Amino acid sequence: MGKMAPSLPADRRTVYRMLLQSEATWGSAVALRQPLGKGQYREWNWQAYRQAAEEVAAGLRSLGAGVGDVVGLASETRAEFYIADVGVMTNGSIAATVYTSMPPADQVRTLRACDPKVLIIENEKMLGVLEAAGLSELDLPRVLLSGTALGTISLAQLQEMGRAALAADSGLMARIENDVRPEDYAILYLTSGATGEPKMGLVTHFSAVTNCECGPPVLPVDDDDVTLAFLPSAHITQRMVMELLMMRMGVPVTFSEGLTKMPAELRTLKPTFFVAPPRVWEKIYTSITTEIRKKPAMVRRLFYMGLGVGAEAVRARSEGRSPSPWVQASLKFFDRAVFAKIRERLGGRMRIAASGSAPLGKDLAEFYAAIGMPLIEGYGLTEGGVVTLNPITKPRAGSIGVALPGCELKIASDGELLIRGATVFAGYFRDSDATAMVLRDGWLHTGDVAEIDADGYVWITGRKKELIVSSNGKKIYPSRIESLFKLEPLVNQVLLIGDGLPYMTALITVNAAAAETVKGAPARATLAELAESDALNGEMKRIVKRVNGQLAPFEQIRKFKILDREFSIESGEITPTMKLRRGKVLENCKGEISGLYVGREDV
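Let me sum up the structure you'll find in this document.

Brief notes about the pattern of salt bridges
Part 1 of the reasoning: In the structure shown here, the tally under the stated rule is 44 salt bridges.
Part 2 of the reasoning: Its salt-bridge partner being glutamate 122, residue arginine 78 comes within 3.2 Å of it at the nearest N-O pair. Note that arginine 78 is positioned in the loop between strand E3 (70–74) and helix H3 (79–90) and glutamate 122 in the loop between strand E5 (118–121) and helix H5 (124–132), a separation of 44 residues in sequence. Taken individually, arginine 78 and glutamate 122 each receive the classification buried, so the pair is uniform in this respect.
Part 3 of the reasoning: In this structure, arginine 321 and glutamate 312 form a salt bridge, with 3.4 Å as the shortest nitrogen-oxygen distance.
Part 4 of the reasoning: Take arginine 321: its relative accessible area is 37%, and that puts it in the partly exposed class.
Part 5 of the reasoning: Owing to a relative accessible area of 23%, glutamate 312 belongs among the partly exposed residues under this scheme.
Part 6 of the reasoning: Several salt bridges converge on common partners, so that one network encompasses Glu312, Arg315, Glu319 and Arg321.

Topic: the pairing of strand E26 (residues 504–510)
Part 1 of the reasoning: The element E26 is extensively covered by neighbouring structure, given that 7 of its 7 residues are classed as buried.
Part 2 of the reasoning: Side chains of E26 alternate between two faces, with Met504, Ala506, Ile508 and Val510 and Thr505, Leu507 and Thr509 buried alike.
Part 3 of the reasoning: Across 6 bridges, strand E25 (residues 491–497) lies against E26 in antiparallel orientation. Bridging across to E26, isoleucine 497 finds its partner in threonine 505.
Part 4 of the reasoning: Taking the residues between adjacent antiparallel strands as the criterion, E25 and E26 are bridged by 6 residues, where glycine 500 takes a positive phi near 75°.
Part 5 of the reasoning: Here E26 pairs with strand E27 (residues 557–562) via 5 bridges, running parallel.

Regarding the nonpolar core
Part 1 of the reasoning: With 118 residues, the main nonpolar core has Leu32, Tyr49, Leu244, Trp281 and Tyr368 as its most contacted residues.
Part 2 of the reasoning: Among the elements that make up this core, the one with the highest residue count is helix H10 (residues 236–249) (9 residues).
Part 3 of the reasoning: Beyond its immediate chain neighbours, meaning those up to four positions away, tyrosine 368 contacts Trp281, Ile284, Tyr285, Met373, Pro374 and Leu375.
Part 4 of the reasoning: Judged by nonpolar contacts, the second largest core, of 28 residues, contains Val491, Ala535, Ile543 and Val544.

Section: the packing of helix H12 (residues 278–293) against helix H13 (residues 297–318)
When two helices pack together, their arrangement is captured by the angle between the axes and the distance separating the axes.
Part 1 of the reasoning: Taken N-terminus to C-terminus, the directions of H12 and H13 make an angle of 140°; their axes are 9 Å apart at the nearest point. Accordingly, the angle class assigned to the pair H12 and H13 is oblique. Contacts between H12 and H13 pair Ile288, Ile292 and Arg293 from the former with Arg300, Phe303 and Tyr304 from the latter.
Part 2 of the reasoning: Here the contact of H12 with H13 is built from residues that sort into 4 nonpolar, no polar and 2 charged.

Some details on helix H6 (residues 155–168)
Part 1 of the reasoning: Look at H6: 20 Å from first C-alpha to last across 14 residues, which is about the 20 Å you get at 1.5 Å a residue.
Part 2 of the reasoning: Listed in full, the buried residues belonging to H6 are Leu155, Leu158, Gln159, Gly162 and Ala165. One side of H6 carries all its buried residues, which in axial view fall inside an arc of 120°. Projecting away from the buried face of H6 at angles above 90 degrees are the exposed residues Ala156, Ala167 and Ala168.
Part 3 of the reasoning: Each element contacted by the buried residues of H6 is listed here: helix H2 (46–62), H3, strand E6 (142–144), strand E7 (153–154) and helix H7 (172–179).

Side note on the sheet that holds strand E19 (residues 427–428)
Part 1 of the reasoning: Taking strand neighbours across the sheet as the criterion, the 8 strands line up as E7-E6-E5-E3-E4-E8-E9-E19 in an open arrangement whose pairing is mixed. The two strands at the open ends of the sheet, each matched to only one other strand, are E7 and E19.
Part 2 of the reasoning: The sheet contacts of helix H8 (residues 205–213) involve strand E8 (185–190) and strand E9 (200–204), and relative to E9 the element is tilted by about 75°.

Structural notes on the packing of aromatic side chains
Given two aromatic rings, one states the distance between the centres and the angle between the planes to describe the pair.
Part 1 of the reasoning: Evaluated as defined, the whole model comprises 12 aromatic pairs.
Part 2 of the reasoning: For the ring pair phenylalanine 425 and tyrosine 428, a centre distance of 5.0 Å and an interplane angle of 75° mean the geometry is edge-to-face.
Part 3 of the reasoning: A relative accessible area of 9% places tyrosine 428 in the buried class.
Part 4 of the reasoning: Through a chain of ring-to-ring contacts, three or more aromatic side chains come together here, namely Phe230, Phe274, Trp281, Tyr285, Phe367 and Tyr368.
Part 5 of the reasoning: Of note, lysine 199 hangs over the ring of tyrosine 428, and the distance from its end group to the ring centre comes to 5.8 Å.
Part 6 of the reasoning: Over the aromatic face of phenylalanine 554 sits the side chain of lysine 474, whose NZ or CZ is 5.2 Å from the ring centroid.

Some words on the environment of proline 35
Part 1 of the reasoning: Along the chain, proline 35 turns up in strand E1 (residues 30–37).
Part 2 of the reasoning: Given the relative accessible area of 12%, proline 35 is considered buried.
Part 3 of the reasoning: For proline 35 and glutamate 257, which are 222 residues apart along the polypeptide, the C-alpha to C-alpha distance reads 6.7 Å.
Part 4 of the reasoning: The contact partners of proline 35, leaving out residues within four places of it in the chain, are Gln40, Tyr41, Phe255, Ser256 and Glu257.

Quick word on the state of the cysteines
Between two cysteines, a covalent bond joining their sulfur atoms is known as a disulfide.
Part 1 of the reasoning: Enumeration according to the criterion identifies 0 disulfides in this entry.
Part 2 of the reasoning: Its sulfur unpaired, cysteine 407 is 4.5 Å from the next cysteine sulfur, which belongs to cysteine 214.
Part 3 of the reasoning: Looking at cysteine 407, the relative accessible area reads 10%, which means it is buried.

So, how was this worked out
- Residues numbered from 1 in each chain as written.
- Predicted model: local features only at pLDDT ≥ 70, side-chain atom pairs only at ≥ 80, totals over all residues.
- Heavy atoms only, no water.
- Salt bridge = Lys/Arg side-chain N within 4 Å of Asp/Glu carboxyl O.
- Helix = DSSP H or I, 4+ residues; strand = E, 2+ residues; numbered from the N terminus.
- Buried < 20%, exposed > 50% of the residue type's maximum accessible area, 1.4 Å probe, protein only.
- Pairing = 2+ DSSP bridges.
- Core = buried A, V, L, I, M, F, W, Y, C linked by side-chain atoms within 4.5 Å.
- Contact = heavy atoms within 4.5 Å.
- Axes fitted to C-alpha atoms, helices over the stretch in contact; angles between N-to-C directions.
- Parallel < 35°, antiparallel > 145°, perpendicular 65-115°, else oblique.
- Nonpolar A, V, L, I, M, F, W, Y, C, P; charged D, E, K, R; others polar.
- Expected span 1.5 Å × (residues − 1).
- Arc of directions from axis to C-beta.
- Phe/Tyr/Trp six-rings, centres within 6.5 Å; stacked < 30°, edge-to-face > 60°.
- Lys NZ or Arg CZ within 6 Å of the ring centre and 35° of its normal.
- Disulfide = S-S within 2.5 Å.

Put into structure tokens, the structure is as follows:
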């Protein structure tokens with residue numbers, strides 16, 4: 001194990017001081033690695049990281065942004081974003097980052113709502129898109145992280161302004177540091193808006209740094225580890241875990257060039273610690289099983305026999321007993337012959353594979369545990385911080401883990417999960433009524449329905465706002481049922497319907513690559529052709545029957561419709577964090593849904 005920086009006293013918990021601790025601990029070691037293409041990287045060590053953040057802070061002061069002022073950021077996740085983001089917080093300004101996957105007009109609307117003093121934008125291309133969507137009407141200084149454009153300041157120029165200001169005033173950095181208090185706001189998050197319109201949540205320096213202090217006792221990573229960052233920086237999983245927690249723990253961060261290049265990056269970089277949302281783990285699983293289905297029968301049998309052995313070994317360990325000698329011996333064979341090759345796809349060195357930002361699904365978690373790469377699921381939300389994590393050595397598939405140090409959890413009388421502790425946010429930006437709705441009597445009301453078992457493990461069973469009440473009064477949480485489809489390679493997305501209706505139905509989108517392996521399916525077909533294919537509908541009928549076999553009669557899906565498209569961010573049906581917006585899907589698919597309630601042809 002490597003070195004670890006000491007904890008900051010409560011009265012000194014600001015992001016800048018956490019960076020100072022990291023520099024003092026790791027100094028010349030690499031902190032950030034930004035790809036330049038063709039296997040080349042630009043690197044910053046901890047000293048350069050700290051210096052660049054100070055220069056950005058002083059440069060922002062020169063532009064008129066001070067403590068409590070909002071600075072808007074629109075950028076993909078990259079090293080320069082980290083430098084700008086931490087520089088904003090070092091200055092005492094509030095970093096407000098938009099989801100770049102949102103439609104440009106929505107990004108501009110969000111930036112307007114933040115009332116920023118300065119805008120920091122990734123490059124000239126992104127600037128042009130946002131200017132065309134209405135950003136040109138905002139008369140504010142614009143900083144580009146990469147490249148140059150007329151009327152803008154480059155990141156290098158901003159840093160030069162900062163260096164000049166610091167050279168002219170030897171006491172400037174000390175005053176900037178002392179200007180910023182732990183109780184000052186550091187981050188303005190935009191929530192994903194899965195169950196309504198997005199809101200903006202304010203988080204203090206004290207809350208953010210205290211959340212990072214939860215890491216050392218439970219997460220065994222340090223400067224010896226290797227990780228890859230790719231999630232959107234507007235999301236709490238990326239911002240808290242992959243940016244600020246990695247700073248606290250001294251883990252060097254390498255940035256991905258994009259999802260299309262990530263498979264090759266994983267094989268080359270060989271990360272030891274990797275965080276991804278369930279959607280990524282689902283796609284990896286689908287890719288693996290789709291390939292297996294194309295293999296000869298003997299290979300398929302070998303794979304599924306190995307899964308059975310791996311699952312039995314996991315089950316034994318979770319029950320506190322040793323696997324039988326036969327299972328142990330068989331597992332060594334299957335691990336060498338099958339599972340090691342699968343793990344090589346992710347570099348082959350993964351010590352900790354984590355899932356966050358949405359529920360993973362018990363079956364999917366059990367698959368990864370069976371192949372010798374258990375997914376460590378945690379739980380966090382914009383309003384509460386990261387508050388639970390499965391113990392690294394004792395994860396429980398389907399659970400979001402146990403409370404992190406200093407985080408207090410309880411279940412309300414209606415089953416809602418409540419949180420109390422220093423990680424909880426300060427409130428919504430300029431919205432006291434919405435704040436009062438979620439912060440009551442010192443507890444954050446998460447909106448998630450959950451159970452806590454005798455060992456303290458938390459199990460999410462649904463969302464209060466997504467509760468379906470059928471016309472006969474039966475209550476159904478759709479996310480639990482939808483998660484049962486996550487091990488079906490053919491199923492891409494599924495949305496359950498039935499609120500106020502006599503029976504349950506589903507809208508389903510399919511995975512085109514997996515569809516090619518279905519006997520009788522049209523070759524090289526469009527999604528529209530697949531949706532109408534008798535072979536695909538027949539296979540989907542068998543899948544739905546398998547899921548129905550795990551459900552109570554009133555939960556079972558009577559009818560389904562395969563859509564001729566996928567749900568998308570552009571249509572407003574998916575949030576930037578890949579969660580379904582149920583209301584928008586129901587609105588966009590009224591015709592398809594009406595057809596599901598004509599007649600009574602059951603699955």
